[in-house]
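Chains, contacts and geometry: an overview
Given next are the chains, with one letter for each unit.
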Amino acid sequence: MASKVISVYENTQKLGAELAKNLSELANDVLAEGGNAVFKIGLSGGSVVSLLSEYLAKVETDWSKWRFFFCDERLVDFSDPESTFAQYRDKFICNLPISEEQFIKINPQLSVDEAAKDYIQKISVYFAPYDLPRFDALILGVGPDGHTCSLFPGHKLCEETSVWVAPISDSPKPPSNRITFTFPILNNARYCAFIATGSSKADILKRILKDGEQLPANCVQPINGSVQWLLDEAAAKLLQEETSL
Ligand SMILES: O=C1O[C@H](COP(=O)(O)O)[C@@H](O)[C@H](O)[C@H]1O
């Protein structure tokens, strides 16, 4: 049964500390299984990259056992600043005792269709054969139109149920070629953390969390997991009456 929690923090430092605590607990729980257990986390791009880069350093864990996937990725060369992997490489890897090899990356030299198929193959290695992958944690963002990953409002990919990772070649937000997790994989995760900070997110958060509009971010409801919205006060300013902690 999905559980949904909205958590509002005074500032991004407190939000980051709480996220780090949640991920420490989850990772330590998964890694306590021993053997070949690895903690599988999906990352998003956009504004969450800087926040994660700053605050995940506080997670107390065996970092060598983390594997980092991409909930969506832009199909551009890793030398392009639009590449989400490149942003993590430049801001995140340098802050933590981790290496590039722990990142499961797309192949940006392929066509967008082939890149999505190739990424499914790469993911499959980490999960039981034929099973729908169950990520331990997914870190998600929300765009000003309510998109999450590269699932945009009104786009046909929001209905996609036959593949875990889909290509998109007409993304309304550039760059146009991307690959993205689809709802079946998102809604099979153990823990989904949406992170939204700053007043530019206030309107869309009201539409999603107060008005309940059926935008893509609102369709992330893990069947057997939880979703937590971690917001700072500026982002939550139009929700405060109902959600203040
Ligand atoms: O294009 C993207 O946008 C969303 C939201 O990004 P933000 O900068 O508005 O927070 C992001 O979650 C996604 O991964 C990214 O590809």
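Every chain is numbered on its own, with residues counted from 1 as its sequence reads. At least 70 in pLDDT is required for a residue's local features to be given in this predicted model, at least 80 for side-chain atom pairs to be given and counted, and no such filter applies to totals for whole chains, interfaces and linings, which use all residues. Hydrogens and water are ignored here; the side-chain numbers use all heavy atoms of the structure.

As recorded by an unreviewed UniProt entry, the chain carries the name 6-phosphogluconolactonase and is attributed to Macrosiphum euphorbiae. UniProt positions are given in the numbering used here, feature names are shortened, and annotations may be inferred rather than shown by experiment. Word for word, the UniProt comment on the chain under Catalytic activity (unreviewed entry) is "6-phospho-D-glucono-1,5-lactone + H2O = 6-phospho-D-gluconate + H(+)". The UniProt entry for the chain carries this comment under Function (unreviewed entry): "Hydrolysis of 6-phosphogluconolactone to 6-phosphogluconate."

1. Examining the packing of helix α2 (residues 48–55) against helix α3 (residues 84–91)
Each axis is a line fitted through C-alpha atoms, taken for helices only over the stretch in contact, and angles between the N-to-C directions span 0 to 180 degrees. Secondary structure elements are defined from DSSP: runs of H or I of at least 4 residues count as helices, runs of E of at least 2 residues count as strands, and each element is numbered from the N terminus. Two elements in contact, α2 and α3, have axes whose closest approach is 10 Å; the angle formed by their N-to-C orientations is 30°. For the element pair α2 / α3, the angle class is roughly parallel. As α2 runs across α3, the sense of the crossing is right-handed. Counted together, Val48, Val49, Ser50, Leu52 and Ser53 of α2 and Gln87, Tyr88 and Lys91 of α3 form the full contact between these two elements. Residues that form the contact of α2 with α3 fall into these classes: 4 nonpolar, 3 polar and 1 charged. Convention used here: angles under 35 degrees read as roughly parallel, angles over 145 as roughly antiparallel, angles from 65 to 115 as roughly perpendicular, and any remaining angle as oblique. Left-handed describes a crossing whose near helix is turned anticlockwise from the far helix by less than a right angle; the clockwise case is right-handed. Any two residues whose heavy atoms approach within 4.5 Å are treated as being in contact. Polar here means any residue other than Ala, Val, Leu, Ile, Met, Phe, Trp, Tyr, Cys and Pro, which are nonpolar, and Asp, Glu, Lys and Arg, which are charged; Gly is therefore polar.

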